[in-house]
Amino acid sequence: MPDDTDGAPDKATGGPPADPARPAPPRSEPGAAGGGAGGGAGGAHLAGRAGAPAPGVARAQAAGAGAGTAEGAAVVGGGAPDGWDPKAWQAYQVRRQRAASGAWSILPPAWAEAARPASAAPVSTAVLLAAVAAGLAAGLFLGDGLGLGLLIAAVPAAIGAYLAARAARRRARAWSVTWALGCVALLGIPALRDADWPSALALLAAALLGALALHGSRTWHGVLLSPLGFVDSAVLGIRWAWSGLRSRGSGVDRARWLPVVKATAVALVLLVLFGTLFASADAAFADLLDGLTPEISLGDGPLRIVLFLLGAVLALAAARAAAGPSRWDRIRIAPGKPRSRVEWALPLIVLDLLFAGFNAVQLAVLFGGYDKVLESTGLTYAEYARQGFWQLLWATLLTLAVIALALRWAPRTGAGDRRFVRVVLGTLCALTLVVVAAALRRMDLYVDAYGLTRLRVSVAAMELWLGLVIVLIMAAGAFGARLLPRAVAAGMAAAVLAFGLLSPDGMVAEKNVARFEQSGKLDLAYFQDLSADAVPALDRLPEPRRSCALRGINDDLSRRGPVPWYAVSLGEYRARQILRERPVTASYEVCRSLGTFHGRIE
């Protein structure tokens, strides 16, 4: 999918429009109901001539009929007709244009008009078949869970989007290919990890990268709003496919399609017949077929139907966006009013001084040791670690907000102002990086005192990503901000991908096992809620702690029962292998005596 998404803003993008209701002329205008006898006479005159509107309204209807044409455009450009309030006339024209384009959007009308999707050629048969294939794959392979089935369902949808973009003569560019490859990599996380939370993050990031690949957005608002394009594209995609099916149904060439239908039916009959015979003749072949084919029952029929419809609609949305993307970069947001240097810089310089003072204290603590600090504050080692991290995380987030607002109202009258802004904000960014380092150091102390948990590894990863964003902002100040929105999106996607590949549940288990080997401290109760990704690390514990740590995961895998190949993750597969070779042996009483079933309290 390319980056070039510009097109004529007045081209149609869907089927026939539904004519919106025309607003009535203002009551204060001539010909409308007014005060006194004149108003009553006007009302009687209109009532007596049903279907014959007042002259102002007639001219408005004639102009409205020409909306989207040269005549309609001339009327809009020349102002509202007689009998119309200018604002009501402008809103009426916007509604007519949106109905003519088939656009549907939850955005404000001005934004929706600016980003209105480009026109699309009639849907091809290959794209329709790809959408059906995506729906079938979703219905067959996603009913038992995510895994390889997600990638299998995504392949025909990607093919359909590629075919639609190729028919629209869109060129694949470097950024679009990067977004597409990143999207595929993120969709592979559920096939690797059993934990739900990194998979959920990966799916959200994949949706963003897929939207960027389809729409080719480059600006901040384009990057942020691109995922909303799936809403427009889903509605337009259904209309697009329906129009294509109707056009094909009106002139079906039976001599062309009937042999294909017959051949497909015969092939299915032969597959079922001989497959059944071979399966009954050989147990190994029957077991192979049973493992490869999805198991479908009447009980999960409604779920499969919903998944089929969802997969087909999403595939059509992707193809429609590839054929005619929304132009999010056309949305214009007015910059803030520039402030004078004193008014703008004084609060930021004061903030820089505060950051510098805090960082000086952190350096003194780092080189002077923690014992003196703990002695003077009366805090324990763990309390000092816990106290600081969350405040520093919020300080980092607020600093990014301050930078965004400062850039909006920064002075920009000349090159001197630009250099001044870079110096002030660059200093703030550099000092914020020291705060990020201090926050991560506090988290390290926190983990040493209490151990690693899911929440702690998540917020530490978030702090690292915020530090990366600050580094990118500093680079943009030095080399230009044109690539900054896409660089931040790419950094976010890379962070989510690395987070999934590193297996956070495995990291939690590994860190706590290492802590047990050093200090003998172990919270067996916390391990009961981890996913199967933690099994390889917990398998290193000595008995009976090993069995007690794995007890909750083992029970969860037993409740799941057999999982087909397309729904099992690599983490779950490895965990089942380990538990099959070395089962859980400790009894309930032994695990209870070790605190396995106690609530976790910090």
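Fair warning: this is a prediction, and the values are worked out from it, not measured in the lab. (Residues numbered from 1 in each chain as written. Predicted model: local features only at pLDDT ≥ 70, side-chain atom pairs only at ≥ 80, totals over all residues. Heavy atoms only, no water.)

*Asks:* Looking at this structure, I do not really get helix α8 (residues 174-187). What am I missing?
*Replies:* The end-to-end C-alpha separation of α8 is 20 Å, in line with the 20 Å expected for 14 residues at 1.5 Å each. Within the sequence span of α8, burial applies to Ser176, Trp179, Gly182, Cys183, Leu186 and Leu187. In a view along the axis of α8, the buried residues occupy a sector of 135 degrees, so they form one face of it. Exposed residues pointing more than 90 degrees away from the buried face of α8 are listed as Ala174 and Leu181. Looking at the buried positions of α8, the neighbouring elements they touch are α7 (148-167), α9 (189-192), α10 (196-215) and α21 (484-501). (Helix = DSSP H or I, 4+ residues; strand = E, 2+ residues; numbered from the N terminus. Expected span 1.5 Å × (residues − 1). Buried < 20%, exposed > 50% of the residue type's maximum accessible area, 1.4 Å probe, protein only. Arc of directions from axis to C-beta. Contact = heavy atoms within 4.5 Å.)

*Asks:* Looking at this model, I keep getting lost on α7. Mind explaining?
*Replies:* Helix length check: α7 (20 residues) gives 29 Å between terminal C-alpha atoms against 28 Å at 1.5 Å per residue, within 8%. Along α7, the positions that sit buried rather than exposed are Gly149, Leu150, Ala153, Pro156, Ala157, Gly160, Ala161, Ala164 and Ala165. Looking at the residues trailing α7, positive phi occurs at Arg169, about 60 degrees.

*Asks:* Explanation requested: empty space enclosed by the protein in the structure shown.
*Replies:* Picture a little ball the size of a water molecule; that probe, rolled over the atoms, points out where space is still empty. Per the counting criterion, the structure on display carries two cavities of 30 Å³ or more. One number sums up the size of the second largest cavity: a volume of about 40 Å³. Of all elements in the fold, only α6 (125-141), α7 and α15 (301-323) reach the threshold of two or more residues within the lining of the second largest cavity. For the lining of the second largest cavity, the element with the highest residue contribution is α7, accounting for four residues. (1 Å grid on protein atoms, 1.4 Å probe; cavity = no way out; pocket = protein on both sides within 12 Å on 5 of 7 lines; lining within 4 Å. Points joined across faces, edges and corners; volume = space filled by probe spheres on them.)

*Asks:* Could you clarify how one ought to interpret the pattern of salt bridges in this entry?
*Replies:* Two side chains bearing opposite charge may form a pair once their charged atoms approach each other closely. Inspection of every chain in the model, using the stated rule, returns 16 salt bridges. Its salt-bridge partner being Arg560, residue Asp194 comes within 2.8 Å of it at the nearest N-O pair. Taken together, the residues Asp194 in the loop between α9 and α10 and Arg560 in helix α25 (residues 545-560) connect sequence positions 366 residues apart. Taking relative accessible area as the criterion, Asp194 reaches 11% and is therefore assigned buried. Here Glu581 makes a salt bridge to Arg582, at a shortest N to O gap of 3.7 Å. Three or more residues are tied together by salt bridges with common partners; here these are Asp194, Asp556, Arg559, Arg560, Glu572 and Arg576. (Salt bridge = Lys/Arg side-chain N within 4 Å of Asp/Glu carboxyl O.)

*Asks:* Honestly, unusual backbone geometry in this entry has me stumped. Any pointers?
*Replies:* Glycine aside, a negative phi is what most residues show, and trans is what most peptide bonds show. A cis amide bond links Glu543 to the next residue, Pro544, at an omega of 0 degrees. As for its position among the elements, Pro544 is in the loop between α24 (535-538) and α25. The phi torsion at Arg169 lies on the positive side, around 60 degrees, for a residue other than glycine. The phi dihedral of Ser503 falls on the positive side, at around 60 degrees, and the residue is not glycine. Relative to the assigned elements, Ser503 resides in the loop between α21 and α22 (504-519). Ser503 sits in the buried class, given a relative accessible area of 7%.

*Asks:* Looking at this model, I keep getting lost on the state of the cysteines. Mind explaining?
*Replies:* Chemically, a disulfide is nothing more than a covalent bond linking the sulfur atoms of two cysteines. Evaluation of the coordinates by the stated rule reveals one disulfide. Linked covalently through their sulfurs, Cys548 and Cys591 form a disulfide whose S-S length is 2.2 Å. Across the disulfide from Cys548 to Cys591, rotation about the S-S bond amounts to roughly -95 degrees, and the bridge is consequently left-handed. Remark: Cys591 occurs in helix α27 (residues 588-593) and Cys548 occurs in helix α25; sequence separation between them is 43 residues. (Disulfide = S-S within 2.5 Å.)

*Asks:* Sorry, what's going on with the side chain of Ser531 here?
*Replies:* Tracing the backbone through its elements, the reader meets Ser531 in the loop between α23 (524-527) and α24. For Ser531, a relative accessible area of 8% corresponds to the buried category. Within the local environment of Ser531, its side chain forms a polar contact with the side chain of Asp505, the two groups lying 2.7 Å apart. Here Ser531 is in contact with Asp194, Ala195, Arg454, Asp505 and Ile553, once residues within four sequence places are set aside. (Polar contact = N/O pair within 3.5 Å; in protein donor to acceptor, adjacent residues only side chain to side chain.)

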